[in-house]
Amino acid sequence: MNTQVSVIMPCHSGERYLKESIDSVLAQTYTNWELLIVDDCSNDRSYQIALDYAVKDSRIKVFKNPKSTGLPATPRNLAISKASGRFIAFLDCDDIWLPTKLERQLPLFNDKQCAIVFSYYEKINEESEICSKTIKTPKSVSYRDLLFGDCIGNLTGVYDTEKLGKIFQKEIHAEDYLMYLEILKRGFRAVNTNSVEGRYRISSNSTSSNKLKSACWNWNIYKNELHLPIPVATFYFCVYCFKGLIKFLK
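Residues numbered from 1 in each chain as written. Predicted model: local features only at pLDDT ≥ 70, side-chain atom pairs only at ≥ 80, totals over all residues. Heavy atoms only, no water.

When you go through the protein residue by residue, the secondary structure sums to 9 helices and 9 strands. What you see for the protein is a C-alpha radius of gyration of 17 Å, in line with the 18 Å of a compact globule of 250 residues. The C-alpha extent of the protein, read off along each of the three principal axes, is 55 × 40 × 35 Å. The proportion of buried residues among the 250 residues of the protein is 51%. Put simply, of all contacts in the protein between residues at least 6 apart along the chain, 78% involve residues at least 24 apart. In the structure as shown, the protein presents an accessible area of about 11,900 Å², 55% of it carried by carbon and sulfur atoms. Computed over 33 positive and 28 negative side-chain charges, the separation of the two mean positions in the protein equals 6 Å. (Helix = DSSP H or I, 4+ residues; strand = E, 2+ residues; numbered from the N terminus. Rg over C-alpha atoms; globule rule 2.2 N^0.38 Å. Buried < 20%, exposed > 50% of the residue type's maximum accessible area, 1.4 Å probe, protein only. Contact = heavy atoms within 4.5 Å. Areas by Shrake-Rupley, 256 points an atom, 1.4 Å probe, with all protein chains shown as cover. Lys, Arg positive; Asp, Glu negative; His and termini not counted. Charge placed at Lys NZ, Arg CZ, Asp CG, Glu CD.)

Written out as C-alpha cells, the structure is:
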C-alpha cells in the first residue's frame, strides 16, 4: 500500500516566507512524503528558492504554472495532477506545519468512514508571532455539520485518494470549503486529531481577512455550487453569519 503523502504548495511571489514553509515540511517526523511546489508566475525569487531546495532533496518537485488565474486552485490542481501519493495534503507558501502533523494524522484514516483528517491551528502575523488563541474545531464533521460553516483549516486538511480518487478544486473563491463539502457529501466524515498541527499566517493581503467577501463566497457555494433550495441555503447562510458575529464580539 502506498502511504506516501503528496504535499500541495502553490506559490505566488512568496519568497519572504517560502523557506519557512518548506522547512516545516522537511521537519516532519513522518518522512514518506513528496512536496510539489507550483510557482504561479511569481515576480520575485520564489521559483529559484524552490529549485534550490529541490536540488538538495529529491522529495521536492518544482513546477511552473504557465499562466496565473489569480486563484490558488489553479496551481493546486496542477500539483494534484502530478501527485503520486495516496494522501493529498495542503500547505500554502506562507503557512507552517508543526513537526508531528503527518505522524498524528495518518493513523486516523484507518477508520473506513474517515476520508479527511484535520487539526487545530494557530494564527500568526507577518513576523511569525502567534496572534490569537488556538483555533479549535469539532472532533468529527459530517456534510451537514460542514454546511454550518467551514471548520477545516486548509493548511491542516488531508484527504485519502484510496477512498476518493483525486479530488480537484474548482476555480472559485473558498475553493477548499467546496472541495471538503463535496467529499463529505459522499457520506464520509472528517476527523480531527484534537491537537495543534499548523500555523496560519494572517497578512494584509490574506483573502480570508475580508469578512464581507467571505460571506459572499459562502452564499455562492450554497446557492450556485451545491444548488441548495433557497430556503435551505438561506438557513445555513444565516447560521454562518450569526456564528461569525459571535466570534467578532468575543
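Counting 41 residues, the largest nonpolar core has Leu146 and Tyr159 as the members making the most contacts within it. Elements with a minimum of two residues in this core: β2 (33–39), α3 (73–82), β4 (87–90), β6 (114–124), α5 (143–147), α7 (175–184), α8 (211–225) and α9 (230–249). Counting residues in hydrophobic clusters, the runner-up holds 31 residues, among them Cys11, Leu35, Trp97 and Val117. (Core = buried A, V, L, I, M, F, W, Y, C linked by side-chain atoms within 4.5 Å.)

By the definition in use, this model includes 14 salt bridges. Close ionic contact of Arg76 with Asp92 constitutes a salt bridge, the shortest N to O distance being 3.0 Å. Taken together, the positions of Arg76 in helix α3 and Asp92 in the loop between β4 and β5 (96–97) put the pair 16 residues apart, joining distant regions of the chain. The buried category is assigned to Arg76, whose relative accessible area is 3%. On the basis of relative accessible area, Asp92 is assigned to the partly exposed category, the value being 23%. Sharing partners across several salt bridges, the network here consists of Arg86, Asp160, Glu162 and Lys163. (Salt bridge = Lys/Arg side-chain N within 4 Å of Asp/Glu carboxyl O.)

What follows deals with unusual backbone geometry. Glycine aside, negative phi is the norm for most residues, and most peptide bonds take the trans geometry. With a phi angle near 60°, Ala174 is a residue other than glycine that sits in the positive phi range. Summarising the element assignment, Ala174 is placed in the loop between α6 (161–164) and α7. What makes Ala174 buried here is its relative accessible area of 15%. Positive phi, normally seen in glycine, also occurs at Asn194, with a value near 60°.

Attention now moves to the pairing of β2. Within β2, 7 of the 7 residues are buried, leaving the element largely enclosed by the surrounding structure. Neither face of β2 is left uncovered, since the one carrying Trp33, Leu35, Ile37 and Asp39 and the one carrying Glu34, Leu36 and Val38 both have all their residues buried. As paired strands, strand β1 (residues 5–11) and β2 are joined by 7 bridges and run parallel to one another. When the sheet's bridge partners are listed, Pro10 is paired in β2 with Val38. Crossover β1 to β2 through helix α1 (residues 15–26) is right-handed. (Pairing = 2+ DSSP bridges. Right-handed = clockwise from strand over helix to strand, strands pointing away.)

Relative to the helices and strands, Ile22 resides in helix α1. Given the relative accessible area of 0%, Ile22 is considered buried. Taking the C-alpha atoms as reference points, Ile22 and Ala50, 28 residues apart in sequence, are found 8.5 Å from one another.

Remark: the centre distance and the inter-plane angle together describe each pair of aromatic rings, the angle taken between the planes. On inspection of all chains with the given rule, the structure shows 9 aromatic pairs. Plain terms: the ring middles of Tyr121 and Tyr200 are 6.3 Å apart, the flat faces sit at 75° to each other, and that makes the pair edge-to-face. Of this pair, Tyr121 sits in strand β6 while Tyr200 is found in strand β9 (residues 189–201), placing the two residues 79 residues apart along the sequence. Residue Tyr121 shares its accessibility class with Tyr200, and that shared class is buried. Within the aromatic cluster, the residues linked to one another by ring pairs are Phe148, Tyr222, Phe235 and Tyr236. Sitting over the ring of Tyr47, Lys64 keeps its end group 4.1 Å from the ring centre. Positioned above the aromatic ring of Trp97, the side-chain terminus of Lys101 is 4.2 Å from the ring centre. (Phe/Tyr/Trp six-rings, centres within 6.5 Å; stacked < 30°, edge-to-face > 60°. Lys NZ or Arg CZ within 6 Å of the ring centre and 35° of its normal.)

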